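Single-letter residue listing:
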Amino acid sequence: MSEKVNENENIQEETVLENQTETVLSETEEVETAVEEIKPTENLNASSLDFDWDGASNKNDDYSKTQRNELKQIYGETLSTISEKDVIDGTVIALTEKDVIVNIGYKSEGVISQNEFRYNPNLKPGDSVEVYIESQEDKTGQLILSHKKARTLRSWERVNNSLENDEIINGFIKCRTKGGMIVDVFGIEAFLPGSQIDVKPIRDYDVFVGKTMEFKVVKINKEFKNVVVSHKALIEAELEEQKIKIIERLEKGQVLEGTVKNITSYGVFIDLGGVDGLIHITDLSWGRVNHPEEIVELDQKLNVVILDFDESKKRIALGLKQLQEHPWDSLNTELKVGDNVKGRVVVIADYGAFIEIKPGVEGLIHVSEMSWSQHLRTAQDFFKIGDVVEAQILTLERDERKMSLGIKQLKADPWENIETKYVIGSKHSAKVKNFTNFGIFVELEEGVDGLIHISDLSWTKKIKHPAEFTEIDSEIEVMVLEIDKENRRLSLGHKQVEENPWDVFETLFNIESEHEGTVIKIGAKEGFISMPYGVEAICPVTHLKKEDGTMPVEDEKIMVKVIDFHKDAKKIVVSHLRTYKERAKTKTTQANYQSDIEKTTLGDISSLSELKDKLSSETKKTAKKSSKSNKKTNNAENETTEVEDTEVEDTDDKN
């Protein structure tokens, strides 16, 4: 049995070998037939053909060796010579669900993913495409190609050629970005600015995403690999021709229909059918317009009048309000100066406020006509935008279309009965409004102001500036001193509210009286001493020297003697030096007197009488010299220090 089985197996193997041999022979015959039908192709190199024809079966070989070599050469010329990383053109021979089969004339076809052809949904067999050779053979012997890389390598060359030759190219809008769109051009992402999509402003960019449109390359930045394209450039040339034709037919005063193309803060752009004109915000309405959107809206159709145009610059100035009657022409003819009108505050400036009586008719209320007060104020202190106010017409000029108004005229003038309300000598409470070097301006009521001179602030204190005495917006008691109704001026005083303390000071600070004082300040020629009851006295510097030869310091208490008193000038002159000089003189006199008494006997009674006369004579001389010193001080107040110092020293020397 086993022998029969082996025989059967051998028979089967022989049968299979015979069938395989027949198949190989038939395939060989088909190849030889195909080779005969192949026509020679130019520019092909057969150096890469490695097929060993000599090693093939010579069984039933109908060709001689020479013929077979010729056939090899012909077949080799039908194949392309390729190199990796080259970019060549190929032909699409088939499309599958995922791949595109491309023939480049090589031993095998290349396979490229369909994803690389998404930009071209109309791809079909027979189309020529550019491919990049990544590898001649992979592990399975497959030719590896890339269409995307080929497009990238050639894209810059195409983009530059498009810019140089001003060519129109197709691009696929991938997505929107800030300020525009991203466009796929030859595999490069180019930027399409929003202003370059169309000649009209685009409000919805999303409607263009996913569309294929025609563009022109307008700019290339080779350093940063940036490309800018424009669709607007394709139609601008045609529009320029239309603008020229339209402008040639324009005339001033001509009324045209247009469409609102764009709205800005300063005006409105109108499309007149291929050419744009501008309506300035001031030409939209006779009334005040804060923003053009209050009058017009986008895409609105309206009639406009041509105000002016510049053919060279292609600028057209349009007007809308000029098509309406001016409001001043329809103003009530019975309106006159002195009438009251109501209006809305539309503009506020430092110098006044503009009141709109009706759209296009305005009047100015100057800041001086807002209050009877003479204080400098601004219109913002009285009004704000949108306020409805009532005012009186002060001037009305219909020809010049001007009107001035006032609101203070609606109130009684407080100066009409000023003499009865603010009688001279009457006391009132006022509000401090302003300071000057010479006094304080106060307000008794709205429109009634007065001045307190700096000399009328205090009976006792020396005030250099009013800010030392009070502050702005504080209340102060005043007395009316003088009224100037014609010039609207009041002279006021603060110290007059109280009694004059100098009447009392005259009895307290008589000459030669001594008092304790406090040094306030010491200057170059004089010092200031605070005396009892809040009065200040002046002490010459030479009279400030203490008995030990030093000078007192500020806030030090010292004894002073009054050497001069001026009630009208409210001035007291004191001396510290006099206090101890005269005290020392008195002690010396008393010592001499005591010595003489001790030497006197009962027989020298006549000498006692002579000594008494001598002392009396010296006392009179001292009083007389003191009187002379006071007179010189009264006649020459500016030289008080030097004169008194000399007199004191002369007196001391004589004594």
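Quick caveat, the model's predicted, so the values are computed rather than measured.

(A) Seen up close, the nonpolar core. One finds Phe215, Val227 and Val229 to be the most contacted residues of the largest nonpolar core, which totals 21 residues. Elements supplying a minimum of two residues to this core: helix H3 (147-165), strand S6 (168-177), strand S7 (180-185), strand S8 (188-193), strand S9 (212-221) and strand S10 (226-230).

(B) Up close: the packing of aromatic side chains. Here the structure, examined in full by the defined rule, presents 3 aromatic pairs. Ring geometry for Tyr266 and Phe269: centres 6.4 Å apart, planes at 85°, overall edge-to-face. The partly exposed category is assigned to Phe269, whose relative accessible area is 24%. When the ring centre of Phe186 is taken as origin, the NZ or CZ atom of Arg158, which lies over that ring, is 5.5 Å away.

(C) Seen up close, the environment of Gly338. Within the fold, Gly338 resides in the loop between strand S15 (315-319) and strand S16 (340-349). On the basis of relative accessible area, Gly338 is assigned to the partly exposed category, the value being 37%. In sequence terms Gly338 and Gln392 are 54 residues apart; their C-alpha atoms lie 5.8 Å from each other. Apart from residues no more than four positions distant in its own chain, Gly338 is found in contact with Gln392 and Ile393.

(D) Inspection of the environment of Ser230 at higher detail. If you trace the backbone, Ser230 turns up in strand S10. Take Ser230: its relative accessible area is 0%, and that puts it in the buried class. Residues Ser230 and Leu192, spaced 38 residues apart in sequence, show a C-alpha to C-alpha distance of 6.0 Å. Ignoring any residue separated from it by four or fewer positions in sequence, one finds Ser230 in contact with Leu192, Gln196, Phe215, Lys216 and Val218. From its side chain, Ser230 meets the backbone nitrogen of Lys232 in a polar contact 3.3 Å long.

Rules and cut-offs
- Residues numbered from 1 in each chain as written.
- Predicted model: local features only at pLDDT ≥ 70, side-chain atom pairs only at ≥ 80, totals over all residues.
- Heavy atoms only, no water.
- Core = buried A, V, L, I, M, F, W, Y, C linked by side-chain atoms within 4.5 Å.
- Buried < 20%, exposed > 50% of the residue type's maximum accessible area, 1.4 Å probe, protein only.
- Helix = DSSP H or I, 4+ residues; strand = E, 2+ residues; numbered from the N terminus.
- Phe/Tyr/Trp six-rings, centres within 6.5 Å; stacked < 30°, edge-to-face > 60°.
- Lys NZ or Arg CZ within 6 Å of the ring centre and 35° of its normal.
- Contact = heavy atoms within 4.5 Å.
- Polar contact = N/O pair within 3.5 Å; in protein donor to acceptor, adjacent residues only side chain to side chain.

By themselves, these are just geometric observations and shouldn't be taken as functional.
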